[in-house]
Every structure is written in C-alpha cells, then in structure tokens.
Amino acid sequence: MKVLVTGGAGFIGSNFVRLTLDERPDAEVTVLDALTYAGSAASLPASDRVRLVEGNIADAEVVDDLVREADVVVHFAAESHNDNSLDNPWPFVQTNLVGTFTLLESVRRHGTRFHHISTDEVYGDLELDDPAKFTPDTPYNPSSPYSATKAGSDLLVRAWVRSFGVEATISNCSNNYGPLQHVEKFIPRQITNVLGGVRPKLYGAGLNVRDWIHVDDHNSAVWTIIDTGKIGETYLIGADGELDNKTVIEMILAGMGEPADAYDHVSDRPGHDMRYAIDASKLRTELGWEPRFRDFAAGLADTIAWYRANEPWWRAQKAAAEAKYAKLGR
Ligand code: NAD
Ligand code: DAU
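From a predicted model like this one, the values you see are computed outputs, not experimental measurements. (Residues numbered from 1 in each chain as written. Chains lettered and ligands numbered in written order. Predicted model: local features only at pLDDT ≥ 70, side-chain atom pairs only at ≥ 80, totals over all residues. Heavy atoms only, no water.)

Engineer: I'm lost on the overall build of the protein chain in this one. Help?
Structural biologist: The helix and strand tally for the protein chain stands at 11 helices and 13 strands. Radius of gyration (C-alpha) of the protein chain: 19 Å, near the 20 Å computed for a compact globule of 330 residues. Once the C-alpha set of the protein chain is aligned to its principal axes, its extents read approximately 55 × 45 × 35 Å. Of all 330 residues assigned to the protein chain, the portion counted as buried reaches 55%. Pairs at least 24 apart in sequence give 80% of the contacts found in the protein chain among residues at least 6 apart. (Helix = DSSP H or I, 4+ residues; strand = E, 2+ residues; numbered from the N terminus. Rg over C-alpha atoms; globule rule 2.2 N^0.38 Å. Buried < 20%, exposed > 50% of the residue type's maximum accessible area, 1.4 Å probe, protein only. Contact = heavy atoms within 4.5 Å.)

Written out as structure tokens, the structure reads:
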C-alpha cells in the first residue's frame, strides 16, 4: 500500500509514519512536507520504506505527481498553532485552505482515497459547567484564524465529496500530547522551560480545559477510519481526557521534582477558547475503536522523559519559539 502523508515531518504526522512502519508491513510511505519552522527531517524514522519529499501542498504540480502514485492520502499538513494565527493569519489561509483545495483537486483527478485530519476547535468552545461535549452534529463555530481555516478546509472536503464524489473521510481530534511535539505548544513548552531552569507560563487563570489524547491513540483511530470508515463521514476522536491547564502545569512540575506553584501567570490569549470536550461514541460504537493510553499521568511522565533524553531535537527550536512569545508578551 502506497501511503502519501502530508505534514509527515511534524508532530502527529511523524508519529503516524512511525506507527505505520511498525504496524503495517505492507505500507510504503511518502512524506510531503514543506519543512516549515514546525517540521523536521530529524523527526522521521530512518527506513527504506519512507521517502521525504520537500514541497508545498499548495504546489499543484508537486502534489499531482505524488498523488498519482498513491493508494491513500493522509492529510496532516497545516499551520497548527493558534498563537501564531493571531499574530499573522496569512500562512494559515494559504496552507490550510489553498493547500487542502490543491490536494482535493488532485485526488479528484486521480480517484484517490483521502483522509482529512482536522480538529475539535472547529466547533468553538464549551462552558466549563456545560454537561455537553462536541458531537458530529455540533454546529461549526470557530474562534481563531487557525480554527476558522481548519473549519473551512473541512467544508471544502465535504463539498468535494458531495459534488465530485471524492472518496474522503474527516476526523476531528482533541489536544494531542506525546514525543516530537514542537516546543511552542503548551506541554513541551513547559517541560523544556523547566529543563532550562525557566518557570512555566500559564495563560490567564489557567482554568481553560483541554481534552488530552496520546498521539498514538489519535493515529490508531486514523487508521481505523481509513480501514473501516464510511466515505463522506466525519468521526470525532477523543479519549475522555479533560483537564484544566493549571492542573497540567502542576502535574508537570510535580513530575519534574519542582514545587507545584513554581510557575508564572502571563497575559491571556485573545479570544481564548474555554473548554473542548469530545464525545467519540460514533467512532467507538460504529468502528469499534478504543484508546490504549488511558493513564494521562503515565503518558505525561513518558513525554517528560522523552524531552529529557532528546534535547538535541528540541534545543534549536526553543530560542526562536520563546522569541515569538516575548514579542506577544506571553
Ligand atoms: P505541526 O505544526 O507539528 O506539523 C505540521 C507539519 O506540516 C509540519 O511538518 C510542517 O512543516 C508541515 N507543513 C506546514 N505547511 C505546509 C505546507 N504548506 N506544505 C507542506 N507541509 C506543510 O502540526 P501537528 O500538531 O502535527 O498537527 C497536524 C495536523 O493535526 C494538523 O492538521 C492539525 O490541525 C491537526 N490536529 C492537531 C492537534 C494537536 O493537538 N496538535 C489536534 C487535532 C488536530
Ligand atoms: O484541540 C485541538 C488543538 O489543540 C489543535 O487543533 C491545535 O493544532 C493544537 O495546537 C491545540 O490547540 P490549543 O490552542 O489548545 O493548544 P496549545 O498547546 O497552544 O495550548 C493548550 C492550552 O494551554 C491552551 O488553553 C492555551 C494554554 N497555554 C498555552 C501555552 C503555549 C498556556 O497556558 N501557556 C502556554 O505557554
């Protein structure tokens, strides 16, 4: 099986490539990645079953050459960080909308199976005391330029399914954690701060809730959908991992042998979504998927250990990421 993975040099995509090599002996993987600040060839496993093509998903010629030879396209590539989208939305429009459009036109031409990776953020946010969770029927209501462009990309996929018969599925997942995540993101930022003797930074009061899932559970769900999902359907991926940010920072500090209050409150993210929560019952009941990583504390300890052991991987990103935060006052 020839698998084209866009964004395979990023966090979730590179973990997807690893899982694919481990669990799919028949798979050959081509990664199409622009190697932006968020992507790194060093995140990919060395294997003669993996080929990295450096290129942009909005480049129709490059895309078409690779789609032509693929059996399935798994589309992870995106500008993925909310804070960056608030600072400069343009790359988000270009990659998340124009890039997805370019891929859709190519899979339409070649009749190739397409799986679109999206986010729970397309649904906006929930109140802290709302008993509801996001379901596939929740209306779209994105808050940031990032989530608005992801929402737009989902709608493009739906339109290409309905109007052109493209064989696509969509998944909307909650917050991932695990190895190889860029240090701009919440959990790796705090771990690498502590490793560098810097105090973690909590936005606002830290009451915002995220629904954490291990990256390998996200990716096993993606393979389940590719294998058994129904064309045209949207599946929500989550593992019932709701925690507020303050609790997560305190867990990181405790797990690294620091006092639980050794962090700073910094200014809040504009338009900061309060709570995300996924109801994954459609994926569980219709496709029989179950998460394997049910112990967040244990997964977090493994993640801390990974960053401790892999400083050469993250050290180069750290100064640039913190320089961006300094400019934003966070
Ligand atoms: P990431 O920022 O770590 O990786 C994105 C990758 O895409 C990078 O390797 C980057 O170089 C590449 N890329 C960016 N623009 C490109 C372009 N124009 N052409 C080719 N490659 C390009 O992101 P991530 O956290 O791994 O997220 C992957 C996908 O999963 C995204 O679509 C994101 O919206 C979605 N998602 C992420 C999470 C999460 O918690 N991180 C949760 C749900 C969904
Ligand atoms: O829900 C899925 C989404 O999860 C994905 O679509 C995005 O690609 C991914 O980046 C993530 O978005 P968030 O904005 O939730 O993730 P982030 O890691 O940026 O922040 C998580 C929470 O932590 C959020 O409430 C903001 C807060 N935060 C973040 C940083 C970087 C802090 O308190 N301090 C920080 O230093």
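Engineer: Explain the site of ligand 1 to me, please; I cannot follow it from the model alone.
Structural biologist: Taken together, 28 residues lie near ligand 1, and Ile12, Asp33, Ser80, Tyr146 and Lys150 sit nearest. Within the contact set of ligand 1, a nitrogen atom lies 3.0 Å away from a backbone nitrogen or oxygen of isoleucine 57. Phenylalanine 76 is positioned such that a nitrogen or oxygen atom in its backbone is 2.9 Å from an oxygen atom of ligand 1. Summarising the interface, the protein chains cover 96% of the accessible area of ligand 1, which totals 840 Å² for the free molecule. Here the shell around ligand 1 takes 3 residues from strand β5 (residues 113-119), the largest share from any one element. When grouped by side-chain class, the residues that make up the shell around ligand 1 number 13 nonpolar, 13 polar and 2 charged. (Near = heavy atom within 4 Å. Polar contact = N/O pair within 3.5 Å; in protein donor to acceptor, adjacent residues only side chain to side chain. Areas by Shrake-Rupley, 256 points an atom, 1.4 Å probe, with all protein chains shown as cover. Nonpolar A, V, L, I, M, F, W, Y, C, P; charged D, E, K, R; others polar.)

Engineer: Any chance you could explain the sheet that holds strand β1 (residues 2-6) here in plain terms?
Structural biologist: Across a sheet, strands are paired by hydrogen bonds formed along the backbone, either parallel or antiparallel in direction. Strand order in the open sheet made by the 7 strands is β3-β2-β1-β4-β5-β6-β11, with parallel pairing throughout. The open sheet has two free edges, formed respectively by β3 (50-54) and β11 (234-237), since each of these has just one partner strand. When the angles between neighbouring strand axes are averaged without regard to direction, this sheet yields 20°. Pairing of β1 with strand β4 (residues 72-75), which is carried by 4 bridges, proceeds in the parallel orientation. (Pairing = 2+ DSSP bridges. Axes fitted to C-alpha atoms, helices over the stretch in contact; angles between N-to-C directions.)

Engineer: Mind showing me how you'd approach the site of ligand 2 here?
Structural biologist: Taken together, 25 residues surround ligand 2, and among them Thr119, Asp120, Tyr146, Arg269 and His272 come closest. Within the side chain of arginine 189, an N or O atom sits 2.8 Å from an oxygen atom of ligand 2. A distance of 2.7 Å separates an oxygen atom of ligand 2 from a polar side-chain atom of histidine 272. Within the complex, 95% of the 690 Å² of free accessible area of ligand 2 lies under protein. Elements represented by at least two residues in the shell around ligand 2 include exactly α6 (186-195) and β8 (201-203). When its residues are assigned to classes, the shell around ligand 2 shows 7 nonpolar, 10 polar and 8 charged.

Engineer: Would you mind going over helix α4 (residues 90-110) with me for this structure?
Structural biologist: Given 3.6 residues to a turn, an α-helix orients residues that are three or four positions apart in the same direction. The end-to-end C-alpha separation of α4 is 29 Å, in line with the 30 Å expected for 21 residues at 1.5 Å each. Packing partners of the buried residues in α4 comprise β1, α2 (60-68), β4, α3 (82-87), β5 and α5 (145-164). (Expected span 1.5 Å × (residues − 1).)

Engineer: Any chance you could explain the pattern of salt bridges here in plain terms?
Structural biologist: Oppositely charged side chains can pair when the atoms bearing their charge come close. Under the defined criterion, the tally for this structure stands at 23 salt bridges. Salt-bridge contacts for lysine 133 lead to aspartate 240; the nearest nitrogen and oxygen are separated by 3.1 Å. Highlighted residues: lysine 133 in the loop between β5 and α5 and aspartate 240 in the loop between β11 and β12 (242-244), separated in sequence by 107 residues. Take aspartate 240: its relative accessible area is 48%, and that puts it in the partly exposed class. Where aspartate 264 meets arginine 199, a salt bridge forms, and the shortest distance between an N and an O atom there is 2.8 Å. Of this pair, aspartate 264 sits in strand β13 (residues 264-266) while arginine 199 sits in the loop between α6 and β8; the two residues are 65 residues apart in sequence, bridging distant segments of the chain. We classify aspartate 264 as partly exposed; its relative accessible area is 26%. By relative accessible area, which is 39% here, arginine 199 ends up partly exposed. One network of salt bridges, with partners in common, ties together Lys133, Asp240, Arg284, Glu290 and Arg294. (Salt bridge = Lys/Arg side-chain N within 4 Å of Asp/Glu carboxyl O.)

Engineer: Any chance you could explain helix α7 (residues 215-228) here in plain terms?
Structural biologist: With 14 residues, α7 should reach 20 Å at 1.5 Å per residue; the first-to-last C-alpha distance of 20 Å fits that figure. For α7, the buried fraction is high: 11 of the 14 residues fall into the buried class. Within the span of α7, buried status applies to Val215, Asp216, Asp217, His218, Asn219, Ala221, Val222, Trp223, Thr224, Ile225 and Ile226.

Engineer: Can you help me understand the nonpolar core in this one?
Structural biologist: Nonpolar side chains tend to gather and get buried jointly when the protein is soluble and globular. Of all hydrophobic cores here, the largest spans 31 residues; its most connected members are Val3, Val5, Phe16, Val74, Ile237 and Leu283. Listed by contribution, the elements that provide at least two residues to this core are β1, α1 (11-23), β2 (28-33), β4, α7, β11 and α9 (281-287). The contacts of valine 5, once residues within four sequence positions are left out, are Gly13, Phe16, Val17, Val29, Thr30, Val31, Leu32, Val74 and Phe76. Tyr177, Trp212, Trp306 and Trp314 belong to the second largest nonpolar core, which has 23 residues in total. (Core = buried A, V, L, I, M, F, W, Y, C linked by side-chain atoms within 4.5 Å.)

Engineer: Explain the environment of alanine 277 to me, please; I cannot follow it from the model alone.
Structural biologist: For alanine 277, the position within the fold is in the loop between β13 and α9. A C-alpha to C-alpha distance of 9.4 Å links alanine 277 and alanine 239, two positions 38 residues apart in sequence. Other than its neighbours up to four places away in sequence, alanine 277 contacts Leu126, Lys133, Phe134, Asp211 and Glu242.

Engineer: Would you take a moment to explain the environment of proline 139 for this structure?
Structural biologist: Mapped onto the fold, proline 139 is located in the loop between β5 and α5. For the pair proline 139 and valine 122, spaced 17 residues apart in sequence, the C-alpha to C-alpha distance is 8.7 Å.

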